[in-house]
Amino acid sequence: MARGTLRIYLGAAPGVGKTYAMLSEAHRRMERGTDCVVGFVEHHGRPRTEVMLHGLEEVPRAEIEYRGTAFTEMDVDAVLARRPRVALVDELAHTNVPGSRNAKRWQDVEELLDAGINVISTVNIQHLESLGDVVESITGVRQKETVPDEVVRRADQIELVDMSPQALRRRMAHGNIYTPDKVDAALSNYFRPGNLTALRELALLWVADRVDEYLRAYRGEHGIRSTWQARERIVVGLTGGPEGRTLIRRAARLAEKGAGGEVLAVYIARSDGLTSASPKELALQRTLAEDLGGTFHHVIGDDIPQALLDFARGVNATQIVLGASRRRAWQYVFGPGVSATVARESGPDLDVHIVTHEEAAKGRGLPVARGARLGRSRILTGWLVGVAGPVLLTVLLTSVINTRPPDRGPGLANEVLLFLTLTVGAALLGGFLPALASAAVASLLLNYFFTPPTHTWVIADSRNIIAIVVFFFVAASVASVVDLAARRTQQAARLRAEAETLSFLAGSVLRGEDSLPSLLEGVRETFGMESVALLERASDVEPWACVDSAGTTRPIARPEDADAELPVGDHLALALSGRVLPAEDRRVLAAFAAQAAVVLDRQRLQQQAGQARELAEGNRIRTALLAAVSHDLRTPLAGIKAAVTSLRSEDVDWSEEDQAELLAGIEEGTDRLDALVGNLLDMSRLQTRTVTPLIREIDLDEVVPMALGGVPDGSVELDIPETLPMVPVDPGLLERTVANIVENAVRYSPEDKPVLVAASALGDRVELRVVDRGPGVPDEAKERIFARSTRNCSPRSPPGAPSTA
């Protein structure tokens, strides 16, 4: 059977019109031919709401008597029997009268939904469980009736019923919400303008968050990557420099101008080391972003502009805030920079803000938009400079020589230096091989065009031979040194980028962030993956199981299905999906994997510690139980001892009848002692979760009288009707519990006022009551009266006062 749908009308405060909107929707559906009934709607004496009930079928309510007063609640059985298409159930957070089918009305609604009945309900924002503390700080009133957030989140539709505080107060003043005698008190307390405004903001933001969740889920299901500007979400690109705080504050001001604006500060660590990020400065910027209501993210990306744009589109951002470049004017020859590249490639769906700051144009600016490794285009440029450059230089020099007298030319020494410059440039751009090729080509060109006799491969002067040879070796040596320095720079930069990431990971450990889902989400975000999963198996032949995962795509089931996987120990693996990771990234990934294993071990150790505490608590309970029932154990032992002593006495000649009576007393005491010890051990095992109660259907009149064997005759008045339904219990445990409570009650009741033990049926359950007229429990002991094996030793009670089990 398909589960029914739930539609909820959410309001900021009573009186905004939730019930009226629900009834209006019911009338619209009835006009379309939909079968609608009223399961429970309370109009609270509001005439307009009461009028809306006319024409709607109402299921009769169930009458429940509680403490001598009759109450009405929704009759769940009647609604289920009626089986309408739609049921109207008002006040989702309402607490039902004791004796009802369920404790809370939302549980009644769950039953209707499970039965395939569509439900329309109402709830106020202050009744959401997670907002209890916030609402109390605003209104000064703690809401006792709450509904779990998850119940409301699972609703198929959530419709906000909104009204301005001024309009709501006018409705209140006109008597449309409360009776006239309550209006003044309500307006001056709960319905103050400030309270209503704050509650309204809570409702609007809560609904906006739910809409954002639906939007993210829809975009993920349909693979939508472009930005939908449904909400202002501002990404701040940080370099780790001091200007980052200025950018974060500027982004926060931009977010404040739009409703529900969100700030996401992101630092992208690249592996070419051109960014110089101070860990202390990043920590300050992280704190500032979180203090302003934003979030901080740490991402690794070789191409900073592309990584920044990917991150912004991934979070559905609408704006990007970047700082003006810190590079000097001459540094622009190496490229346009991150800001210009992001602005050019952002497209029409992202607005880019370039913010000026005090550090602009002061050097050590944003890195050039290129990867950490030498890209294909850069290598091709190196070969072009190394091979075509000497040829072009030769054409240029020969044209100069041809237009000038021989003694006015550049000279061989200057020509060698010019060719050497091209070789060094080829090394800087393309590495060692283009520089070596440049040295070889330049040597040949120098020999043919510039060494006398020219245009021949012959060198007349031996000194020129030395010059050409030295040139080649110097060019090759310089190219080698430059290439080695570039490689060392890249290695150092890579290690620094890894150190920054590991520092961030270590910081999360020191901050006590031991949530496995947040750690996996950090791995996914850092390496730009679609999903990350921590897999585990019990042995080499067992299948893999997913311990936890993060990401929008389907979780990975096996390491073989992942684009990148890293074993963690013998039976644990970290699997990533999205792209193939380079080998150097696996070192950092190994640190994350090790931390994930540590977090998992810590969680399991905490669980084991909890189990150990339960065992220790069980030992304490056993000791306390033995102390609590010491009197119950002594009574049959004393009787047995007295009977045995009497039988062994030689001073008295007992008749056969007397001996039989004493033996019967011994047998009865032994049986009672055996039952008492058995029940005591069962209760001890039950408290320590080492035994499962043996539940079976019994009549109370079979068990309760047996529990009264240890109290004096006439001290208890028993009222258990034979017509009561049978109850599912463990007879032994019930007998011991009743005996303990009744004996304690008898001990502290006046002799002329017997203890009443009565039972009655209340709804679908049976209630057993023990009523005494003793001195009562002191106020200071009431909070702990239901703690296991707690004794009341107040001045008003003698030593050995009752214990509650």
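Relevant structure appears above.
Definitions and limits used
- Residues numbered from 1 in each chain as written.
- Predicted model: local features only at pLDDT ≥ 70, side-chain atom pairs only at ≥ 80, totals over all residues.
- Heavy atoms only, no water.
- Pairing = 2+ DSSP bridges.
- Helix = DSSP H or I, 4+ residues; strand = E, 2+ residues; numbered from the N terminus.
- Axes fitted to C-alpha atoms, helices over the stretch in contact; angles between N-to-C directions.
- Contact = heavy atoms within 4.5 Å.
- Buried < 20%, exposed > 50% of the residue type's maximum accessible area, 1.4 Å probe, protein only.
- Parallel < 35°, antiparallel > 145°, perpendicular 65-115°, else oblique.
- Left-handed = near helix turned anticlockwise from the far one by under 90°.
- Nonpolar A, V, L, I, M, F, W, Y, C, P; charged D, E, K, R; others polar.
- Salt bridge = Lys/Arg side-chain N within 4 Å of Asp/Glu carboxyl O.

Read across the sheet, three strands follow the order β19-β21-β22 without closing on themselves; strand pairing throughout is mixed. Every interior strand has two partners, whereas the edge strands, β19 (716–719) and β22 (765–771), have only one. Along the sheet, successive strands turn relative to each other by an average axial angle of 15°, direction set aside. Bridging between strand β21 (residues 755–762) and β22 involves seven bridges; their strand directions are antiparallel. Looking across to β22, one finds that L756 is bridged to V771. Contacts from helix α23 (residues 731–748) reach β19, β21 and β22 within the one sheet, and its direction differs from that of β22 by about 30°.

When you tally the buried positions in strand β14 (residues 531–536), you get five out of six residues, the bulk of the element. Across six bridges, the pairing between β14 and strand β15 (residues 545–551) is antiparallel. Counterpart to E536 in the pairing with β15 is A545. Bridge count between β14 and strand β17 (residues 572–577): six bridges; the pairing is antiparallel. In the sheet register, L535 faces β17, and the bridge partner there is A573.

Along the chain, the position of R105 falls in helix α4 (residues 105–114). Look past the residues within four positions of R105 in its chain and what remains in contact with it is F40, E73, V89, D90, E91, L92, H94 and N96.

Turning next to the packing of helix α15 (residues 412–430) against helix α16 (residues 432–450). Close contact between α15 and α16 brings their axes to 7 Å; oriented N to C, the two are set at 160°. Regarding the angle of α15 to α16, the classification is roughly antiparallel. Crossing hand, α15 versus α16: right-handed. Across the interface between the two elements, L412, E415, V416, F419, L422, T423, A426, A427 and G430 from α15 touch F432, P434, A435, S438, A439, A442, L445, L446 and F450 from α16. For the contact of α15 with α16, the class distribution of residues is 14 nonpolar, three polar and one charged.

Bringing the pattern of salt bridges into the picture now. Counting across every chain of the model gives 21 salt bridges. The shortest N-O distance in the salt bridge between E110 and R3 comes to 2.9 Å. Of this pair, E110 sits in helix α4 while R3 sits in the segment before β1 (6–11), placing them 107 residues apart in sequence. With relative accessibility at 14%, the residue E110 sits in the buried group. Owing to a relative accessible area of 42%, R3 belongs among the partly exposed residues under this scheme. With its nearest N and O atoms 3.3 Å apart, the salt bridge here joins R154 to E110. Here E110 lies in helix α4 and R154 lies in the loop between α6 (149–153) and β8 (157–161), a separation of 44 residues in the sequence.

Okay, the packing of helix α10 (residues 244–256) against helix α11 (residues 279–291) next. At a minimum axis separation of 10 Å, α10 and α11 run at an interaxial angle of 10°. One finds that α10 runs roughly parallel with respect to α11. For the pair α10 and α11, the sense of crossing is right-handed. Within the contact between the two elements, α10 uses G244, R245, I248 and R249 and α11 uses E281, L284, Q285, L288 and A289. When grouped by side-chain class, the residues that make up the contact of α10 with α11 number four nonpolar, two polar and three charged.

What follows is about the sheet that holds strand β16 (residues 564–567). Strand order across the open sheet formed by four strands is β15-β14-β17-β16, with antiparallel pairing between neighbours. Each edge of the open sheet carries a strand with a single partner, namely β15 and β16. Taking the axes of each pair of neighbouring strands and ignoring which way they run, one obtains an average angle of 15° across the sheet. Pairing geometry for β16 and β17, over four bridges, is antiparallel. Looking at the pairing, A564 lines up with L576 of β17. Across the face of the sheet, helix α18 (residues 516–527) comes into contact with β14, β15 and β17 while running at roughly 55° to β15.

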